[in-house]
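If you want the building blocks of each chain, they are given just below.
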Amino acid sequence: MRAAEIAEPKLDEATAGAIRDALAAARTGRIDEACSIAERALSSGGEPVALNALLGMLPCRAGEFETGIGHLRPAHAARPSDPSIALNLISALIETGEHGEALAVATPELAQRDTSLRIGRARGFAAQMCGDLAGAAGAFGQVVGAAPGDRRRRDNLA
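The structure contained in this document is the topic of the report that follows. Note that the structure is a prediction, hence the values are computed from the model and not measured. (Residues numbered from 1 in each chain as written. Predicted model: local features only at pLDDT ≥ 70, side-chain atom pairs only at ≥ 80, totals over all residues. Heavy atoms only, no water.)

**Brief notes about the environment of R61**
Where we set the bar: Helix numbers and strand numbers start at the N terminus; a helix is a DSSP run of H or I with at least 4 residues, a strand a run of E with at least 2.
Assignment of secondary structure puts R61 in helix α4 (residues 48–61). Sequence separation of R61 and I31 is 30 residues, and the distance between their C-alpha atoms is 9.0 Å.

Below, the structure written as structure tokens:
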């Protein structure tokens, strides 16, 4: 993968400032205020991928997965190779029982590029929940191959 493929576009100052302010509000538990800051920036023409990713992540952290998914889907569609956006979307989809869509987002290629192995683990779980035991075994096998000490995935694989 080339660096240009993984580099995020430079944010304009207004978007960057809104993200800083929203994250500061979120760190102190003011999720609604954080979302309002990000929504205002988005409606004012701020960078849509970054702001939708933020507007997806914040509600998910508060347990409002459907709201988060509504923002994470367009962010992922615009930047499908971004592992952070993908993982947030996959996690939210799993939380809402949308295992098939989670599996579709957690592609083998994306799982392979994710050095944290979280996408691979989520892919295995989603495949298992969809009844795709071969897909689950493949995903868990990839994780165990990269992290032999992952006892839980070895157990899933067995």
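**Describing the nonpolar core**
Our working rule: What makes a nonpolar core is a set of buried Ala, Val, Leu, Ile, Met, Phe, Trp, Tyr and Cys residues whose side-chain atoms join them at distances within 4.5 Å. For the exposure calls, accessible area comes from a 1.4 Å probe over protein chains only, and a residue counts as buried if that area is under 20% of its type's maximum, exposed if over 50%, partly exposed in between. What makes two residues a contact is simply this: any of their non-hydrogen atoms within 4.5 Å.
Formed by 22 residues in total, the largest nonpolar core has its most connected members in A86, L89, I90, L93, A102, V105 and I119. The set of elements that each furnish at least two residues to this core consists of α5 (65–78), α6 (83–95), α7 (99–105), α8 (108–113), α9 (118–129) and α10 (133–146). The dominant element in this core, judged by the number of residues it contributes, is α6, at seven residues. Leaving out residues up to four positions away in the same chain, I119 has contacts with P83, A86, L87, I90, A106, L110, A111 and D114. Among the nonpolar cores identified, the runner-up in size contains 16 residues, and A22, L55, M57 and L58 belong to it.

**Some points on the pattern of salt bridges**
Keep this limit in mind: We count a salt bridge whenever a side-chain nitrogen from Lys or Arg sits within 4 Å of a carboxyl oxygen from Asp or Glu.
Applying the stated criterion to the full structure yields four salt bridges. R73 serves as the salt-bridge partner of E101, at 2.7 Å between the closest nitrogen and oxygen. With a gap of 28 residues between them, E101 in helix α7 and R73 in helix α5 connect regions that are remote in the sequence. Classification of E101 by relative accessible area gives partly exposed; the value is 26%.

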